[in-house]
Every structure is written in structure tokens, then in C-alpha cells.
Amino acid sequence: AQSVSQHNHHVILSEAASLELGCNYSYGGTVNLFWYVQYPGQHLQLLLKYFSGDPLVKGIKGFEAEFIKSKFSFNLRKPSVQWSDTAEYFCAVRGGYNNNDMRFGAGTRLTVKP
Amino acid sequence: DGGITQSPKYLFRKEGQNVTLSCEQNLNHDAMYWYRQDPGQGLRLIYYSQIVNDFQKGDIAEGYSVSREKKESFPLTVTSAQKNPTAFYLCASAAQGSEQYFGPGTRLTVT
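Residues numbered from 1 in each chain as written. Chains lettered and ligands numbered in written order. Predicted model: local features only at pLDDT ≥ 70, side-chain atom pairs only at ≥ 80, totals over all residues. Heavy atoms only, no water.

Topic: the overall build of chain B
Along the backbone of chain B there are zero helices and eleven strands. By the compact-globule yardstick of 13 Å for 111 residues, chain B fits well, its C-alpha radius of gyration being 13 Å. If you line up chain B on its principal axes, its C-alpha atoms span 35 × 25 × 25 Å. Scored against the burial criterion, the 111 residues of chain B give a buried share of 50%. (Helix = DSSP H or I, 4+ residues; strand = E, 2+ residues; numbered from the N terminus. Rg over C-alpha atoms; globule rule 2.2 N^0.38 Å. Buried < 20%, exposed > 50% of the residue type's maximum accessible area, 1.4 Å probe, protein only.)

Structural notes on unusual backbone geometry
Excluding glycine, a negative phi dihedral is what most residues carry, and trans is how most peptide bonds are arranged. Of the consecutive residues B:Ser7 and B:Pro8, the connecting peptide bond is found in the cis state with omega at -10°. The phi dihedral of A:Lys61 falls on the positive side, at around 60°, and the residue is not glycine. Tracing the sequence through the fold places A:Lys61 in the loop between strand 7 (56-58) and strand 8 (64-68). Phi at B:Asn28 takes a positive value of approximately 60°, unusual for a residue other than glycine.

Observations regarding the nonpolar core
With 28 residues, the main nonpolar core has A:Leu33, A:Trp35, A:Leu47, A:Leu48, A:Phe74, A:Leu76 and A:Tyr89 as its most contacted residues. Among the secondary structure elements, those contributing two or more residues to this core are strand 2 (10-14), strand 3 (19-21), strand 5 (31-38), strand 6 (44-50), strand 8, strand 9 (73-78), strand 10 (87-95) and strand 12 (108-113) of chain A. Not counting residues within four places of it along the chain, the set of residues in contact with A:Leu33 comprises A:Tyr25, A:Leu48, A:Lys49, A:Tyr50, A:Phe67, A:Phe74, A:Ala92 and A:Val93. By size, the runner-up hydrophobic cluster in this structure holds 20 residues, among which are B:Ile4, B:Tyr47, B:Phe74 and B:Tyr89. (Core = buried A, V, L, I, M, F, W, Y, C linked by side-chain atoms within 4.5 Å. Contact = heavy atoms within 4.5 Å.)

Remarks on the interface of chain A and chain B
Residue-level contacts link 20 residues of chain A with 22 residues of chain B. Both faces considered, chain A and chain B share a buried interface measuring about 1700 Å² in area, 46% of it formed by carbon and sulfur atoms. At the boundary of chain A with chain B, the tally comes to two salt bridges. Measuring nitrogen to oxygen at the nearest pair gives 2.8 Å for the salt bridge that ties A:Lys49 to B:Glu99. The interface formed by chain A and chain B holds eight residue pairs in polar contact (both at pLDDT 80 or more) in total. Secondary structure elements with two or more residues in the side of chain A that touches chain B: strand 5, strand 6, strand 10 and strand 11 (102-104) of chain A. Of the residues contributing to the side of chain A that touches chain B, the split by class is ten nonpolar, five polar and five charged. (Buried area = accessible area lost by both parts, 1.4 Å probe. Salt bridge = Lys/Arg side-chain N within 4 Å of Asp/Glu carboxyl O. Polar contact = N/O pair within 3.5 Å; in protein donor to acceptor, adjacent residues only side chain to side chain. Nonpolar A, V, L, I, M, F, W, Y, C, P; charged D, E, K, R; others polar.)

Let's talk about the packing of aromatic side chains
Tallied over the entire structure, the rule returns 15 aromatic pairs over all chains. Ring geometry for A:Phe63 versus A:Tyr89: centroids 5.6 Å apart, planes at 45°, classification tilted. Here the residue A:Phe63 occupies a position in the loop between strand 7 and strand 8, and A:Tyr89 occupies one in strand 10, the gap between them amounting to 26 residues. For A:Phe63, a relative accessible area of 1% corresponds to the buried category. Residue class for A:Tyr89 comes out buried when judged on its relative accessible area of 0%. Summarising the aromatic geometry, the rings of B:Tyr33 and B:Tyr48 are spaced 6.2 Å apart at their centres and angled 20° between planes, so their arrangement reads as stacked. In this pair, B:Tyr33 sits in strand 4 (residues 31-38) while B:Tyr48 sits in strand 5 (residues 42-51), placing the two residues 15 residues apart along the sequence. The pair B:Tyr33 / B:Tyr48 is uniform in exposure class, with both members buried. (Phe/Tyr/Trp six-rings, centres within 6.5 Å; stacked < 30°, edge-to-face > 60°.)

As for the sheet that holds strand 8 (residues 76-78) of chain B
All names here are of chain B. Strands sit in the order 1-3-8-7 across an open sheet of four strands; the sheet is antiparallel. Looking at which strands have only one partner, the edges of the open sheet turn out to be strand 1 (4-7) and strand 7 (64-66). Across the sheet, the mean angle from the axis of one strand to that of its neighbour is 20°, orientation sign disregarded. Alignment of strand 7 against strand 8, held across three bridges, turns out to be antiparallel. Each bridged residue has a counterpart across the sheet, and for Tyr64 the counterpart in strand 8 is Val78. (Pairing = 2+ DSSP bridges. Axes fitted to C-alpha atoms, helices over the stretch in contact; angles between N-to-C directions.)

Structural notes on the state of the cysteines
Tallied over the full model, the rule gives two disulfides over all chains. Each sulfur of the disulfide joining A:Cys23 and A:Cys91 lies 1.9 Å from the other. Looking down the S-S bond of the A:Cys23 and A:Cys91 bridge, the torsion is -70°, so its handedness is left-handed. Residue A:Cys23 is located in the loop between strand 3 and strand 4 (24-26), and its partner A:Cys91 is located in strand 10; the two are separated by 68 residues in the primary sequence. The pair A:Cys23 / A:Cys91 is uniform in exposure class, with both members buried. Disulfide pairing is shown between B:Cys23 and B:Cys91; the S-S distance is 1.8 Å. (Disulfide = S-S within 2.5 Å.)

Bear in mind that shape data such as this cannot, by itself, settle questions of function.
Set out below in C-alpha cells:
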């Protein structure tokens with residue numbers, strides 16, 4: 001079964017700093033990759049996803065992620081964070097298109113200081 | 001409005017009682033999921049269902065049960081056999097091959 005590892009449990013940044021959150025997965029076959037965000041008191045919502053094609057994926061709110069197959073990684077980046085990016089971020093992996101069995105990482109809490 | 005509803009938002013129960021959490025979706029999605037979210041552990045899969053009248057155990061199914069009698073509904077019962085039931089429970093649904101959409105969650109406290 002696939003598994004997902006997020007390296008940082010809690011990241012604290014000042015506004016305008018650059019962000020990179022690490023995500024590694026273990027799965028040997030075709031994968032679909034996702035980043036979800038959970039703002040305080042809100043639903044989990046999708047930031048971006050990778051199914052195939054260009055390994056650099058752009059999502060909402062200026063976020064992007066790069067799929068590096070050789071490193072089994074799907075790191076999330078944002079060039080300049082804002083206070084409103086304070087949230088918990090989850091990386092998830094699913095084995096291929098037909099497998100609805102998705103696995104989530106433990107999450108990374110991001111705190112952005114104004 | 002299309003989406004996933006979970007009720008209630010907060011639920012309190014005494015130890016030894018079974019409790020059922022509701023999840024309804026009007027997105028016409030075939031697949032539905034139940035996760036448990038605990039601080040520092042992310043989301044752990046309890047059960048999932050890809051089609052009506054069929055469901056599979058996830059990583060932490062012990063002490064839980066589900067049913068899928070209708071496409072729109074996927075209730076989760078937390079039984080008295082679940083050793084540590086206090087948690088935040090999230091329901092999700094997905095179209096085949098697509099991303100999951102999440103409900104607002106139910107926070108269950110068992111004392």
C-alpha cells in the first residue's frame with residue numbers, strides 16, 4: 001500500500017517569505033498526487049493536483065508543486081506567503097486513476113506571522 | 001447548492017454507547033470515504049465505498065461500521081468496541097478518477 005511522508009510538522013514564517021513544504025511517497029506504480037489545505041474552522045479543500053503531464057503544477061492562491069518521479073517527491077511551494085496562508089497542509093497520494101484508496105500525510109501546520 | 005453535509009457538527013456520547021455519524025452528498029459521486037483526523041496524525045482512512053452496497057475497510061476499521069444503501073448516503077457507526085473514539089471525523093466523496101471533496105466534519109467526544 002502507498003504511504004506519504006511530510007517532513008515538517010510545524011513551519012513558522014514571516015509574511016513575504018518563501019515556502020517549501022516537503023512530501024515524499026512510497027508507491028511503485030502510477031500515482032495521482034494532491035495537496036489539500038485546511039484553513040482554521042474550514043473544510044479541507046484542494047490546492048492542486050497532479051495526474052500526468054507537466055510535472056510542475058500550478059494551483060490556487062499562487063501555490064505550485066513539482067512532481068519529481070525519481071525522488072518520489074511532490075513538494076509544495078509559494079514564492080511569498082501571506083498571513084492568510086496560515087493553515088494546515090496535507091499531501092495525499094492515490095495509486096492510479098482507478099484506485100479510490102487515497103493516503104494522506106500527517107500534515108504540516110503553517111503559521112505566517114504578520 | 002452541491003456539496004457534502006455532515007451532521008451533527010459536535011456530538012457527545014457516554015462510553016459504551018454506539019453512535020452514528022451522518023454523511024450525505026448531492027454531487028452524484030460514486031465513491032465515498034470516512035477519515036479520522038487526530039492532531040499530528042493527519043487523516044487516516046476508516047472505510048471507503050466505491051459503489052452502492054459495497055464498501056472496504058481502510059487502515060483503522062476496527063470498532064467502526066458503515067453501510068451504503070443509497071448513493072447519496074454513507075453513515076458511519078462508532079461502536080463501543082472502538083477504544084479511542086474521541087476524534088474529528090471527516091467524510092469525503094469523489095467521482096471516478098477525480099479528487100475527493102470533503103464535508104465540514106463531526107467532532108465526537110466520548111466521556
